[in-house]
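Topology and contacts: notes
Okay, here's what each chain looks like letter by letter:
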Amino acid sequence: MWDDAFPSFLIGLREGLEAGLIVSILVATLVRADARSRLPQVWTGVLAAIALALSFGAVLTFTAANLSATAQETFGGVLSVIAVAFVTAMVFWMRRSARTFAGEIKEKVTGALGMGAGVLMLTSFLAVGREGLETALFLWTTARAAGESSGPLTGAAIGLVLAAGLCWGLYRRVLRINLTKFFTATGVVLVVIAAGVLGYGLRDLQEGGVLPGLTAYAFDLSGSVDADSWYSTLIQGVFNLMPAMTWLQVVGYVGYLAVVLPLFVRGVRGVRSVRGERIKTTETGTQTQTEPAPTPAPEAVSSPRRRPVWVVPVAVVAVPAVVAGLVVAFARPKPASSETVAVSETECGKGFTAPDTGRQTFQMHNTGDKTAEVYLIDPATGAVYGEVEGLAPGTTRDLVATVAGGSYAWRCVPTGAKAVTSATVHVSGGGGTVRAVVPVSENDLAAPLKAYKVYVDQGLATLETQTRQLSADIAGNHLGKARADWLTAHRTYASLGAAYGTFEDFDQKINGRADGLAGGVADKDFAGFHRIEYGLWHGQSAGELKVPAQQLATAVVGLRKAFPTQDFDPGDLPLRAHEILENALQFELTGDTDEGSGTNLATVDSNLSGTRELLSVLKPLLTKESPTLLPTVDAAVARLQKLLDSAHHGGSWTPVEQLSQPDKARLDGATGQLLEDLAPVPDLLEIRKSA
């Protein structure tokens, strides 16, 4: 995507042109000094700098991939801030030096000619290496912000290729470019892009828990801005401006621009006014004054070669790669393949020794004769760091967990047997803070379940009254009133979504779909709300709808009587927090369940209401397990609610198929984001066996 590629394209073009000009000046100076034999030394330094930059990028990528999620956010945020600092320093340095840096490089080369080969090699290495490291850091940062690497890598590659072509043209004197104006213009754009990177980095630090204000939004335009539109993705990709930004992000973004941009512009004006100097173009297009060619340096007296000519180039290019490989090898968390941990009633935790800090992989081997669940826990609190469920006898599975300083033990829960806890091991050292999930028991969910069952029972009582009224409307041939009462009753049922799994066969009778039925909408087994909806909006008579309406009312009465005795697994509550809207996204927002009324968005609105009710009864547990989760979810709920409200006009709703493409994309995006925010709920409130 060009929106993700543009920042990297610009940094690749600018840094590539800067490094390329330096190389061009080095080569031109040596050629004019009749010292072509020293060119391999320049290219060796250049290749070494490129190898260093690539190795630096590889180390950054590996390091981030092996951190915990929280640590990744912190690591990325810190590097984003560092990248902003480097880019800022780079644009200011180039603003000051664009007029004279060619002469400075020539002076260094002239001095190096009279010294050993290593000095010239080091000169080219240092000159190009800085640009390479800056490019690698900024490219890694923009790729992380984009969430993918293909766009940024493509943009950077195009920028570097274009920069190489421009440098060749300048060297061959087929191009004339006012480089001062070029670096000034791109500097302004990079300052703006850097402000966005700073805002993104601050957000990462907030998500990593380093900075406060994660849920303190300065603005939230998610409900009115289509995040998937071309203009939105362009703004987000190029400037890292998001539809929702915290106060810290906004202050950082605006503050950076308010300070840096005026200083940069003021500095440009100052440079232009200094002595009114006129820029002249030489073969590299960068010189301000005509300088005499450097005195040719005498060629060194040839001497017998003590080593093959390829040794030094290969060595200086290979060293950064070797160093990067060693960093990766020694920084990689040691796999626990040599530490197989036994799981059974009698051997729980056998083979477990104090692991190193960091991300670890343990091989859990069931040595018993029963399928078991196993948890890595904090023995003092019972908090869970990692788990494996359904470990069959004789099998081995990996358990991956992040370890920090503290105490650890294994809890093995064989099926039908008592839980066994291993001996405690103590891990010394830091390793940061590792978040564990405090186990939730059926008893913990008892109070939320009781409260929710009261809500459902009251809803069913209301539904019984509403379906009786709907049946009476149809019996009296008041089909206009029946359409309004149908929607009211159907919305009531849609708000009880968390209990669908307990309604047994009643759900098919009350809200069954024609999908899968041999006769489709004409099938005799097609019943419930959607059967009546089809008839009311397809011109069927009251006589044709009388029996389906009576059957619906009878099914609701039966459900209300049966519900108090139906089995409602408390573990279903956390699952339904995610599944209600997952079904809405799959069926309602696709229009699959619309049988003519065009009220699918009203159903989604009721699904959202039911989700809110469910979250309210789970709030005490969720707040305890993850204090930052509910504020994030509440913000996502508000965004989706705002979009649904915009589709509600008096007593009517916009049909899904009549939504504009941007409106549909916004609805799908807001629902998808809410589902993503709700995804941790089942894991946080999963009932873990303790016996």
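Residues numbered from 1 in each chain as written. Predicted model: local features only at pLDDT ≥ 70, side-chain atom pairs only at ≥ 80, totals over all residues. Heavy atoms only, no water.

Considering the packing of helix α14 (residues 529-536) against helix α15 (residues 542-562)
Where α14 meets α15, the closest approach of the two axes is 9 Å, and the angle between their N-to-C directions is 155°. Considering their axes alone, α14 and α15 lie roughly antiparallel with respect to each other. In terms of crossing hand, the pair formed by α14 and α15 is left-handed. Contacts between α14 and α15 involve Phe-529, Arg-531, Ile-532, Gly-535 and Leu-536 on the former and, on the latter, Glu-544, Leu-545, Pro-548, Ala-549 and Leu-552. Considered class by class, the residues forming the contact of α14 with α15 number seven nonpolar, one polar and two charged. (Axes fitted to C-alpha atoms, helices over the stretch in contact; angles between N-to-C directions. Helix = DSSP H or I, 4+ residues; strand = E, 2+ residues; numbered from the N terminus. Parallel < 35°, antiparallel > 145°, perpendicular 65-115°, else oblique. Left-handed = near helix turned anticlockwise from the far one by under 90°. Contact = heavy atoms within 4.5 Å. Nonpolar A, V, L, I, M, F, W, Y, C, P; charged D, E, K, R; others polar.)

Topic: the environment of Thr-421
For Thr-421, the location among the structural elements is in strand β9 (residues 420-421). Relative accessible area serves as the criterion here: at 40%, Thr-421 is assigned to the partly exposed category. Excluding residues that lie within four positions of it along the chain, Thr-421 makes contacts with Ile-377, Ala-409, Trp-410 and Arg-411. A polar atom in the side chain of Thr-421 sits 3.4 Å from the side chain of Arg-411. (Buried < 20%, exposed > 50% of the residue type's maximum accessible area, 1.4 Å probe, protein only. Polar contact = N/O pair within 3.5 Å; in protein donor to acceptor, adjacent residues only side chain to side chain.)

Observations concerning the packing of aromatic side chains
Summed over all chains, the structure comprises twelve aromatic pairs. For the ring pair Tyr-452 and Phe-568, a centre distance of 6.3 Å and an interplane angle of 85° mean the geometry is edge-to-face. Here Phe-568 lies in the loop between α15 and α16 (572-588) and Tyr-452 lies in helix α11 (residues 442-475), a separation of 116 residues in the sequence. Side by side, Tyr-452 and Phe-568 carry an identical accessibility label, which is buried. Centre to centre, the rings of Trp-486 and Trp-537 are 5.4 Å apart; their planes meet at 70°, and the pair counts as edge-to-face. Taken as a pair, Trp-486 in helix α12 (residues 479-494) and Trp-537 in the loop between α14 and α15 lie far apart in primary sequence, 51 residues in all. (Phe/Tyr/Trp six-rings, centres within 6.5 Å; stacked < 30°, edge-to-face > 60°.)

Comments concerning the pattern of salt bridges
Per the stated rule, a full pass over the model turns up 14 salt bridges. Residues Glu-464 and Arg-560 are paired through a salt bridge, measuring 3.0 Å at the closest nitrogen-oxygen approach. On the criterion of sequence distance, the pair formed by Glu-464 in helix α11 and Arg-560 in helix α15 is long-range, its members being 96 residues apart. For Arg-560, a relative accessible area of 33% corresponds to the partly exposed category. Note that Glu-579 and Arg-576 form a salt bridge whose closest N and O atoms lie 2.8 Å from each other. A residue pair is termed a helical-turn pair when its members lie 3 or 4 positions apart in one helix, as Glu-579 and Arg-576 do in helix α16 at three residues. Residue classification places Glu-579 among the partly exposed residues on the basis of a relative accessible area of 28%. A relative accessible area of 13% means that Arg-576 is categorised as buried. Each of Glu-345, Asp-369 and Lys-370 takes part in a single network of salt bridges with overlapping partners. (Salt bridge = Lys/Arg side-chain N within 4 Å of Asp/Glu carboxyl O.)

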